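Architecture at a glance
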Amino acid sequence: MKTVSHYLLLCVIAIVCVFPFWWTLVTALSTEGNIFAYPPTFWPQEPSLANFIEVFNTIPIWSFFRNSVFIALCTVFWKLVLCSAAAYPLARMQFKGRKLVFGLILATLVLPSEVNFLVNFITVTKLSLVDTYAGVILPNVVNAVAILLLKQAFEEVPQDLIDAARVDGASEWIIFSKIVLPLIAPWLATVGILTAVEAWNEYIWPSIVMSKPDEFPLSVGVLYLRGTFGSSTRVIAAGTVLTILPTLAAFLFTQRFFMRGMDGAVK
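Residues numbered from 1 in each chain as written. Predicted model: local features only at pLDDT ≥ 70, side-chain atom pairs only at ≥ 80, totals over all residues. Heavy atoms only, no water.

1. Observations concerning the layout of surface pockets
Basically, it comes down to this: A cavity here means a set of 1 Å grid points, computed over protein atoms only, where a 1.4 Å probe fits but cannot escape. A pocket is an open set with protein on both sides within 12 Å along at least 5 of 7 lines, and lining residues have an atom within 4 Å of a point. Grid points are joined across faces, edges and corners, and a volume is the space filled by probe spheres set on the points. What counts as a helix is a DSSP run of H or I of at least four residues, what counts as a strand is a run of E of at least two, and both are numbered from the N terminus. Charged residues are taken to be Asp, Glu, Lys and Arg, nonpolar residues to be Ala, Val, Leu, Ile, Met, Phe, Trp, Tyr, Cys and Pro, and polar residues to be all remaining types, Gly included.
By volume, the largest pocket is sized at about 590 Å³. Secondary structure elements with two or more residues in the lining of the largest pocket: α5 (117–126), α7 (144–156) and α11 (204–209). Along the wall of the second largest pocket there are 13 residues; nearest its centre are Val197, Asn201, Thr243, Ile244 and Thr247. Listed by contribution, the elements that provide at least two residues to the lining of the second largest pocket are α10 (185–201) and α14 (233–266). Element by element, the count of residues in the lining of the second largest pocket is highest for α14, at seven residues. Residues of the lining of the second largest pocket, tallied by class, amount to eight nonpolar, five polar and no charged.

2. Side note on the domain arrangement of the protein chain
The test is simple: For the purposes of this description, domain bounds are those given by an automatic or database domain assignment. It only takes one pair of heavy atoms within 4.5 Å for two residues to be counted as in contact. Note: buried area is the sum, over both parts, of the accessible area (probe 1.4 Å) each one loses when the two are combined. Take a side-chain nitrogen of Lys or Arg and a carboxyl oxygen of Asp or Glu: if they are within 4 Å of each other, that pair is a salt bridge.
When its domains are assigned, the protein chain resolves into domain 1 (1–47) and domain 2 (59–263). The C-alpha centroid of domain 2 is placed 31 Å from the C-alpha centroid of domain 1. Of the residues lining the interface, 11 residues belong to domain 1; the matching set on domain 2 comes to nine residues. Summed over both sides, the interface between domain 1 and domain 2 buries roughly 760 Å², with carbon and sulfur atoms accounting for 78% of that surface. At the surface where domain 1 touches domain 2, the tally comes to zero salt bridges. The class makeup of the residues in the side of domain 1 that touches domain 2 is five nonpolar, five polar and one charged.

3. A word on the pattern of salt bridges
Formally: The rule is simple: take the accessible area with a 1.4 Å probe, protein chains only, and divide by the maximum for that residue type; under 20% is buried, over 50% is exposed, in between is partly exposed.
Applying the stated criterion to the full structure yields four salt bridges. Two residues, Glu155 and Lys151, come together in a salt bridge whose shortest N-O distance is 2.5 Å. Pair noted here: Glu155 and Lys151 are both in helix α7, with a separation of four residues, about one helical turn. The class of Glu155 is partly exposed, set by a relative accessible area of 40%. Look at Lys151 and you get buried, because its relative accessible area is 10%. Across the salt bridge formed by Asp163 and Arg166, the nearest N and O atoms sit 3.9 Å from each other. With Asp163 and Arg166 both in helix α8 (residues 159–167) and three residues apart, this pair spans about one turn of that helix. Among the charged side chains, a salt-bridge network with shared partners connects Asp163, Arg166 and Glu172.

4. What about a nonpolar patch on the surface?
As a reminder, the rule being used: Think of a patch as exposed residues, more than 30% relative accessible area, with no salt bridge, where like charges cluster within 9 Å and nonpolar side chains (Val, Leu, Ile, Met, Phe, Trp, Tyr) cluster within 5 Å. Computed by Shrake-Rupley with a 1.4 Å probe, the accessible areas treat only the displayed protein chains as cover when residues are assessed.
A cluster of nonpolar side chains, Phe121, Val130, Tyr203, Ile204, Ile208 and Leu223, forms an exposed patch at the surface whose accessible area comes to about 430 Å². Its location among the elements puts Phe121 in helix α5.

5. Concerning the packing of α8 against helix α9 (residues 172–183)
Here is the rule: Where helices are involved, their axes are fitted lines through C-alpha atoms of the stretch in contact, as for all axes, and angles between N-to-C directions lie from 0 to 180°. Here is the rule for handedness: rotate from the far helix to the near one, and if that takes an anticlockwise turn smaller than a right angle the crossing is left-handed, while a clockwise turn gives right-handed.
The contact between α8 and α9 brings their axes to 10 Å, and the two run at 145°. Helix-helix and strand crossings are classified by hand; for α8 and α9 the assignment is right-handed. Along its contact with α8, which presents Leu161, Ile162, Ala165 and Arg166, the element α9 presents Glu172, Ile175, Ile179, Val180 and Leu183. Residue composition of the contact of α8 with α9, grouped by class: seven nonpolar, no polar and two charged.

6. Considerations on the packing of aromatic side chains
Let me state the cut-off plainly: Only Phe, Tyr and Trp rings are paired, with Trp represented by its six-membered ring, and only when their centres lie within 6.5 Å; those with planes under 30 degrees apart are stacked, over 60 edge-to-face, the remainder tilted.
Taken as a whole and judged by the stated rule, the model has 11 aromatic pairs. Where Trp62 meets Phe65, the ring centres are 6.0 Å apart and the plane angle is 80°; that geometry is what we call edge-to-face. Taken together, the residues Trp62 and Phe65, both in helix α3 (residues 61–92) and three residues apart, mark about one turn of the helix. Residue class for Trp62 comes out exposed when judged on its relative accessible area of 55%. Of the aromatic side chains, those joined through ring pairs into one cluster are Phe56, Trp62, Phe65 and Trp200.

7. Description of empty space enclosed by the protein
Counting across every chain of the model gives two cavities of 30 Å³ or more. Estimated volume of the second largest cavity: approximately 100 Å³. Along the walls of the second largest cavity sit Ile71, Thr75, Lys79, Val136, Asn140, Thr195, Glu198, Ala199, Glu202, Pro206 and Pro217, which together make up its complete lining. Secondary-structure elements contributing two or more residues to the lining of the second largest cavity are α3 and α10. When its residues are assigned to classes, the lining of the second largest cavity shows five nonpolar, three polar and three charged.

As structure tokens, then:
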């Protein structure tokens, strides 16, 4: 009975998590019926791909898709480089003020990201990075969560291994890049996946910084459907599904690395 109750609880949680996406998919595939009927319809009526075709005919979705891929890849690369470079000395080097620095980094977790928008926008404007990909990417390449996860990963590496490398004459850069980083690959994959999903779904900051439609990421560009089709909720739902599918597929193919990294982070 205990096992059955656990599975029932997991099924309820799964239904709650999946329902919004399923309802959006049903709406995108339906061509008839009242979308806002109560009780709602859980299966598409007269299913068709017409709404998806309308999305491709209305907006340059492939251009938006390329922009999102570029922004996500650049954000992942620079976050892994900078956050790992910040986490390694916090985990393996002894210097004055180390705990204070780490405490200040953790203190930023209590602040919502929206608090930084004004300061970031002023900074981006002063650097002449408005309407550029750099202006979208730079404010998101470092955060406390990534540093915390990678710091814990570096602490999992045996100290004897690092000491042996130092005895053999390896520099800190060689230890960091050639020895330690390959050992924490699952944690790097975890941070990379989380960063990619976050960068892909980011809407508010790109819409503030960028004004050229040709450079919009998919999360921003797909909302052109709302202006063009004010009453066509099905077309908007189809565009939303197309936005979600890449991140869903990426997670399904990389969940093995993600779970390994999260397991190590918990330990």
